[in-house]
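Observations on chain architecture
If you want the building blocks of each chain, they are given just below.
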Amino acid sequence: MRRASLLVCLGMAWVGSVAAADYSGPLFDAHLHYNDEACVHTAPSPGCPHPKADVLERMNKSGVRAIIANSRPNDGTFALASATDLTRAAGVTVVPFVRLYRNRADYSNWFRDPTIVDMVNAELARGTPAGPYRGLGEFHLYDSANANGPVARQLMALAEEKGLAILAHVDDVAIDLLMAHTKAASADRAASQHRDFRLIWAHTGIGGTPAQRVDELFARYPALMGELSYRPGLTCGDGQLCPDWRALLLKYPGRFMIGSDTWVNQRWLYYGELMQGYRTWLGGLPADVARRIAWDNGAKTFGVATPAR
Ligand SMILES: [Zn+2]
């Protein structure tokens, strides 16, 4: 008996030394799309894979308590923001962003199409039943030089003027170019009235921007935040953070957020696994840092109350 209990004790100590408990608190999904093919308009049917009740159930089961909703077209975000009974029952707060895309063609044309600015202004004026839009994006720049186009300049100025966030899928060069259009890049930013402006870097460099370069940009721009879906090199074989990213998240615990990026329906199918993956590596961080990245950073930025449950 004594020998058996010793083995049990040794076993428990071994487990404790290699596997921290998963993060179990609330999650803020800072990169969620509810696009038309998910089933925004149709009644539940075989051709309608993910009606509102389905996606909200997936969020609820995953412990996601707030989302940055941005959708192609904006109807998907408006639908979630309008479903107040369903969102309340699911315990999900919707933080709406204006997406720049009415259709797939806009992905590669928005930066040279002045009607996008008109559409954004019309959406901002309309608002949503869940409150005013809080940001613009996600937008993509496959050629960072287009960050200097007229539409990108106008939208960055608009976001800063109105205290909106920007969610941008861009490379590190475009971060510098976009920030150059704002006062957030200037030395007097602390005294400016634009404190609510944020540039959220979708994926924090999906092309694999080295952690050292990310560090440089974060040091240069206090208004820069990083969302971590699809980030290459973030986690290593055991599902825990790779050393360079662990160091970066510990250096800037107030600047990172997690996200699902449900850009195709397949991502809805694996929504639970995606969130569990975050919970695994969040559990390897100090508890206060995990909580900030999982929830507090998004909740504080957008004034979302922490849920009781
Ligand atoms: Zn996305």
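The paragraphs below set out a description of the structure included in this document.

1. Notes on the pairing of strand E1 (residues 27-32)
- Burial runs high along E1: six of the six residues are buried.
- As defined by bridge partners, E1 adjoins strand E2 (residues 64-69) across four bridges and the pair is classed as parallel. Bridge pairing in E2 links Phe28 to Ala66.

2. Points about the state of the cysteines
- One pass over the structure, following the stated rule, counts two disulfides.
- The disulfide that involves Cys39 links it to Cys48, with 1.6 Å between the sulfurs. Disulfide Cys39-Cys48: the torsion about the S-S bond is -85°, which places it as left-handed.
- We classify Cys39 as buried; its relative accessible area is 3%.

3. With respect to the environment of Ala157
- Inspection of the secondary structure assignment puts Ala157 in helix H7 (residues 150-162).
- Placed 25 residues apart in sequence, Ala157 and Thr182 show a C-alpha to C-alpha distance of 6.2 Å.

4. Looking at the coordination of the zinc ion
- Looking at the zinc ion, the protein donor atoms are His31 (NE2), His33 (NE2), Glu138 (OE) and Asp261 (OD), and they sit 2.0 to 2.4 Å from it.
- When the donor residues of the zinc ion are listed from N- to C-terminus, their spacing reads H-x1-H-x104-E-x122-D. In this pair, His31 sits in strand E1 while Glu138 sits in strand E4 (residues 135-140), placing the two residues 107 residues apart along the sequence. In terms of burial, His31 and Glu138 fall into one category: buried.

5. A few points about the pattern of salt bridges
- Scanning the entire structure with this criterion turns up 16 salt bridges.
- Ionic pairing is found between Asp54 and Arg58, a salt bridge with its closest N-O pair at 2.9 Å. A residue pair is termed a helical-turn pair when its members lie 3 or 4 positions apart in one helix, as Asp54 and Arg58 do in helix H3 (residues 52-61) at four residues.
- A relative accessible area of 23% means that Arg58 is categorised as partly exposed.

6. A short note on the nonpolar core
- If you look at the biggest cluster of nonpolar residues, it comprises 94 residues, and the most contacted ones within it are Met59, Trp110, Leu136, Phe139, Leu178, Trp281 and Leu282.
- The greatest single-element share of this core, amounting to seven residues, is contributed by helix H13 (residues 287-302).
- In this structure, Phe139 is in contact with Leu100, Tyr101, Trp110, Ile166, Leu167, Ala168, His169, Val170 and Leu178, ignoring residues within four places of it in sequence.

7. Quick word on the sheet that holds strand E8 (residues 256-257)
- Taking strand neighbours across the sheet as the criterion, the eight strands line up as E1-E2-E3-E4-E5-E6-E7-E8 in an open arrangement whose pairing is parallel. The sheet terminates laterally at E1 and E8, the two strands that pair on one side only.

8. So, helix H9 (residues 211-220)
- Where H9 is concerned, the buried positions are Ala211, Arg213, Val214, Asp215, Leu217 and Phe218.
- Turning to H9, the residues buried within the fold contact helix H8 (172-179), strand E6 (198-201), strand E7 (224-227), helix H10 (243-251) and E8.

Basis of the calculations
- Residues numbered from 1 in each chain as written.
- Predicted model: local features only at pLDDT ≥ 70, side-chain atom pairs only at ≥ 80, totals over all residues.
- Heavy atoms only, no water.
- Buried < 20%, exposed > 50% of the residue type's maximum accessible area, 1.4 Å probe, protein only.
- Helix = DSSP H or I, 4+ residues; strand = E, 2+ residues; numbered from the N terminus.
- Pairing = 2+ DSSP bridges.
- Disulfide = S-S within 2.5 Å.
- Donors = N, O, S within 2.8 Å, 3.2 Å for Na, K, Ca; no water.
- Salt bridge = Lys/Arg side-chain N within 4 Å of Asp/Glu carboxyl O.
- Core = buried A, V, L, I, M, F, W, Y, C linked by side-chain atoms within 4.5 Å.
- Contact = heavy atoms within 4.5 Å.

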